[in-house]
Amino acid sequence: MNNKQSGFIAYSFAGVAIMLVLLVIVNVIAGLVSLPRMDLTSERLYTLSDGTKDILGDLDTDVEIRFYATRDDRLMPAQLKNYIRHVEDLLNEYAQYANGHLKITKFNPEPDSDAADSAAMDGVTGQMVSIGESIYLGMAISMLDTTVAIPFLDPQRETLLEYDLTRAITQVVVEDKPVVGVMSALPVFGQQPNPMMMQMGQAQQQPPWFIIGQLQQDFEVREVPLASETIDSDLDLLVLIHPKDISQGAQFAVDQYLLGGGKVVAFLDPLAIVDQTPNPNGNNMMDPPPSSSNLDSLLAAWGLEFDTSKVVADRSFAREIAFQRGAQPQMQPCFLFVDEQGINSSDVVTSQTDQLMLPFPGGFTGTPAEGLEQTVLLHSTEQSQLVDAFMARLSGEQVLKDFKPSDKEYDLAMRLTGQFKTAFPEGKPGAAAEEEDLDSEDPQPPAPEAIKESAEGATVLLFADADFLFDSFGVSQQNFLGARMVQLLNGNVPLVQASIEQMAGDERLISVRGRATMNRPFTKIRQMQDVARDNYQAKINELEEKKREAEQKINDIQRTRQDANQGQRFVLTPEQQAELEKLKETNKEVAKELKEMRRNLRKDVDSLQNRLRWANIAAVPALVTLFGLFSAYRKSKKTAAR
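What comes next is a walk through the structure. (Residues numbered from 1 in each chain as written. Predicted model: local features only at pLDDT ≥ 70, side-chain atom pairs only at ≥ 80, totals over all residues. Heavy atoms only, no water.)

## Section: the nonpolar core
Consideration 1: Counting residues in hydrophobic clusters, the biggest one holds 82 residues, and the most contacted among them are F67, L137, M139, I141, L153, V239 and F267.
Consideration 2: One finds L235, F252, F420 and F424 within the second-largest nonpolar core, a separate group that totals 37 residues. (Core = buried A, V, L, I, M, F, W, Y, C linked by side-chain atoms within 4.5 Å. Buried < 20%, exposed > 50% of the residue type's maximum accessible area, 1.4 Å probe, protein only.)

## Some remarks on a negative patch on the surface
Consideration 1: Taken together, the side chains of E581, E585, E589 and E593 make up a negatively charged region of the molecular surface.
Consideration 2: Topologically, E585 is positioned in helix α16 (residues 574-641).
Consideration 3: In this structure E585 comes out as partly exposed when scored by relative accessible area, which is 40%. (Patch = residues over 30% accessible without salt bridge, like charges linked within 9 Å, V, L, I, M, F, W, Y side chains within 5 Å. Areas by Shrake-Rupley, 256 points an atom, 1.4 Å probe, with all protein chains shown as cover. Salt bridge = Lys/Arg side-chain N within 4 Å of Asp/Glu carboxyl O. Lys, Arg positive; Asp, Glu negative; His and termini not counted. Charge placed at Lys NZ, Arg CZ, Asp CG, Glu CD. Helix = DSSP H or I, 4+ residues; strand = E, 2+ residues; numbered from the N terminus.)

## A look at the packing of helix α2 (residues 50-57) against helix α5 (residues 161-173)
Packed helices, taken two at a time, are described by the angle between their axes plus the distance between the axes.
Consideration 1: The interhelical angle for the contact between α2 and α5, taken along N-to-C directions, is 30°, at an axis separation of 11 Å. Relative to α5, α2 is oriented roughly parallel. Here α2 and α5 pass one another in a crossing that is left-handed. The segment α2 lies against α5, with T52, I55 and L56 engaging E162, T166, I169 and T170.
Consideration 2: Partitioned by chemical class, the residues of the contact of α2 with α5 number three nonpolar, three polar and one charged. (Axes fitted to C-alpha atoms, helices over the stretch in contact; angles between N-to-C directions. Parallel < 35°, antiparallel > 145°, perpendicular 65-115°, else oblique. Left-handed = near helix turned anticlockwise from the far one by under 90°. Contact = heavy atoms within 4.5 Å. Nonpolar A, V, L, I, M, F, W, Y, C, P; charged D, E, K, R; others polar.)

## Focus: the pairing of strand β1 (residues 63-69)
Consideration 1: Across the seven residues of β1, six count as buried, placing the element largely inside the fold.
Consideration 2: Judged from the six bridges that link them, β1 and strand β2 (residues 102-107) form a sheet pairing that is parallel. Each bridged residue has a counterpart across the sheet, and for V63 the counterpart in β2 is L102.
Consideration 3: Handedness of the β1-helix α3 (residues 78-97)-β2 crossover: right-handed. (Pairing = 2+ DSSP bridges. Right-handed = clockwise from strand over helix to strand, strands pointing away.)

## Observations concerning helix α13 (residues 492-504)
Consideration 1: With 13 residues, α13 extends 18 Å between its outermost C-alpha atoms, agreeing within 8% with the 18 Å of an ideal straight helix rising 1.5 Å per residue.
Consideration 2: Taken across its 13 residues, α13 has 13 buried, putting it largely inside the fold. (Expected span 1.5 Å × (residues − 1).)

## Focus on the packing of aromatic side chains
Consideration 1: Scanning the entire structure with this criterion turns up 12 aromatic pairs.
Consideration 2: Taking the centre distance of 4.9 Å and the plane angle of 20° together, the rings of Y68 and F107 count as stacked. In this pair, Y68 sits in strand β1 while F107 sits in strand β2, placing the two residues 39 residues apart along the sequence.
Consideration 3: Among the residues examined, Y68 registers a relative accessible area of 0% and is labelled buried.
Consideration 4: Of the residues examined, F107 reaches a relative accessible area of 22% and is grouped as partly exposed.
Consideration 5: A network of ring pairs unites the aromatic residues W209, F335, F337, F360, F470 and F473 as a single cluster. (Phe/Tyr/Trp six-rings, centres within 6.5 Å; stacked < 30°, edge-to-face > 60°.)

## What to know about unusual backbone geometry
Consideration 1: Unlike most non-glycine residues, D112 shows phi in positive territory, near 60°.
Consideration 2: Position of D112 relative to the elements: it lies in the loop between β2 and α4 (114-122).
Consideration 3: The exposure class of D112 is exposed, given its relative accessible area of 82%.
Consideration 4: In this structure, F360 is a non-glycine residue whose phi angle is positive, near 50°.
Consideration 5: Its place among the elements puts F360 in the loop between β18 (356-359) and β19 (364-366).

## Let's talk about the environment of A392
Consideration 1: Locating A392 in the fold gives a position in helix α10 (residues 389-394).
Consideration 2: Judged by relative accessible area, which is 2%, A392 ranks as buried.
Consideration 3: Distance in space between the C-alpha atoms of A392 and K310 is 8.8 Å, their sequence separation being 82 residues.

## A look at the sheet that holds β2
Consideration 1: The sheet built from four strands is open, its strands ordered β2-β1-β5-β6 with mixed pairing. Bordering the open sheet on either side are β2 and β6 (146-150), each of which pairs with just one other strand. Ignoring strand direction, the axes of neighbouring strands in this sheet form an average angle of 15°.
Consideration 2: Note that β1 and strand β5 (residues 137-143) share six bridges and pair antiparallel. What sits directly across from Y68, in β5, is G138.
Consideration 3: The sheet contacts of α5 involve β1, β5 and β6, and relative to β6 the element is tilted by about 160°.

## Here we look at the side chain of D255
Consideration 1: Within the element layout of this structure, D255 appears in helix α8 (residues 248-259).
Consideration 2: One buried charged residue, D255, forms no salt bridge at all, with the nearest opposite charge on K452 at 8.4 Å.
Consideration 3: A polar side-chain atom of D255 sits 2.9 Å from a polar atom in the side chain of Q256.
Consideration 4: The residues contacting D255, other than those within four sequence positions of it, are L298, K421, T422, A423 and F424. (Polar contact = N/O pair within 3.5 Å; in protein donor to acceptor, adjacent residues only side chain to side chain.)

## What about α8?
Consideration 1: For α8, which comprises 12 residues, the first-to-last C-alpha distance of 16 Å matches the rise-based estimate of 16 Å (1.5 Å per residue) to within 8%.
Consideration 2: Counting buried residues along α8, 11 of its 12 residues qualify, which places the element largely inside the surrounding structure.
Consideration 3: Looking at the buried residues of α8, the elements they touch are β9 (237-241), β10 (264-267), α9 (296-301) and β23 (458-463).
Consideration 4: Directly after α8, the chain includes G261, whose backbone phi takes a positive value near 110°.

## As for the pattern of salt bridges
Consideration 1: If you walk through the whole model with that rule in mind, you get 13 salt bridges.
Consideration 2: Ionic pairing is found between E229 and K428, a salt bridge with its closest N-O pair at 3.0 Å. On the criterion of sequence distance, the pair formed by E229 in the loop between β8 (220-223) and β9 and K428 in the loop between β22 (411-418) and α12 (431-437) is long-range, its members being 199 residues apart.
Consideration 3: According to the relative accessible area criterion, E229 is partly exposed, its value standing at 36%.
Consideration 4: If you follow the salt bridges from partner to partner, you end up with E64, R66 and D122 in one network.

Any functional reading would require information that these geometric values do not contain.
Right, dumping it as structure tokens:
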């Protein structure tokens, strides 16, 4: 080895050693100095939102965060150890925007230690990982005598970490919670078990819906009877969830509450599948049909219509779904997976929502009445139409077969603002009859005069579906280390919370919640899949029609064998027998071709997905490899030239 080569090797090793030393120094400095995090994600998932910064900047009283985390490497899973560092980074960033009013204290709760006692007093419970061994990963937020605990920081809720922490800070800062009234025909507050089922030992008490539990953390939530004919004026917001069979008197109460300065959020539904009680014998055909809900008198006064016999079918939002375990998934165009094509990205409530699941929603039509301004929050695409609710429930494939896009977008959710006028210009329904029934010897105080128009601008939020609030359509719940863990499936729950908080709570939390889930749906792939289905659908329909005609003719010939009058069987002529055999053969060939056609459709869709998947996986490594080979080639050429 000559001196030139030896020097080259020595310099190379020296360069590597220097780089290692520099990396160590940079990491040590980064660990000692609190620097803002660099966020390279397009949705800025790791940058504090403006809402959080405003809330922290407005603190004028010290808030303490006690962070409990087990530091024992023997007990703490690697995933949770990495998550601890992420939480600590976020807490450090919070402190930078709190103007000295945020104190962060870290504890390592070991068995029988003061830190473990402090965690128990704060409501942070240990999660058992083995017999006699528990880990802690939670925090408590305190201001003066008020404490809010986050018992366990679930890594699956990482994108909600900022929201959970900011919400806890607002909870200890705000003295009085806003009051939200909930009026519903569904058991959203839970349900007591059926006494008959209790005797059989098969009954379980149904807990409140997850969304109700979430609202109870931020608001004082009151249950308002659906038959109420007056609404308390001290409610900051009235929420109607599937008001099935609501009376005119109750609609009048909602009308007067709104005109008197109240705010209303209504979730209506033309086909509420969560209001369907399964048949105890397991016969699905005997199940009672889903119910519908409307606010017909109020919507008419607001210039809107809501047809409860129709649901929105949208081919762009359709997905394959199996409604029963073990069943073959089928495309369901009325079970909408709404993505950015149907979400108003410019409105503060929906700007950060990326995907929703709406089972069999309806559609609002009409033009808002004079004095009202409409803001559409959710809508279908032009590849949609209104279909019969009964047919939509029976067969998604039949809906797709007969599908004819209306080239119209249907409103799935909207906000109405402005000067509302009463839907009951004649006053309370039935008031005249009630006065006639009053006993003259027992005079009653006169009823207050009905309000005819809102004194100030009022606001109403309308949704064309109520099912999407149900737990199964928005969250996944499971037991983890003895605690109930909840993972968001989509933006259903965050959207409802954001809507209610905008109307009744701190609006600054809305921008924080938007980080709940940021999926990236492959809209281009979906469009290509739709084209592939269109290419096959016409042929599939033709074959199915041909198959039905052959079966009908076979049945007709079979019926001629039976003499309707004497009950004797006819003997088919040779011509009839030949035609019957020919039809059976034709039917067999058509069924085979139809099966092959559907197989080819699935194959084309799967092939498209696989090509794009491999292109995404291999593209970057291939480019890097080519660039490396090209660089090596140029370097070798330069070396040879020397």
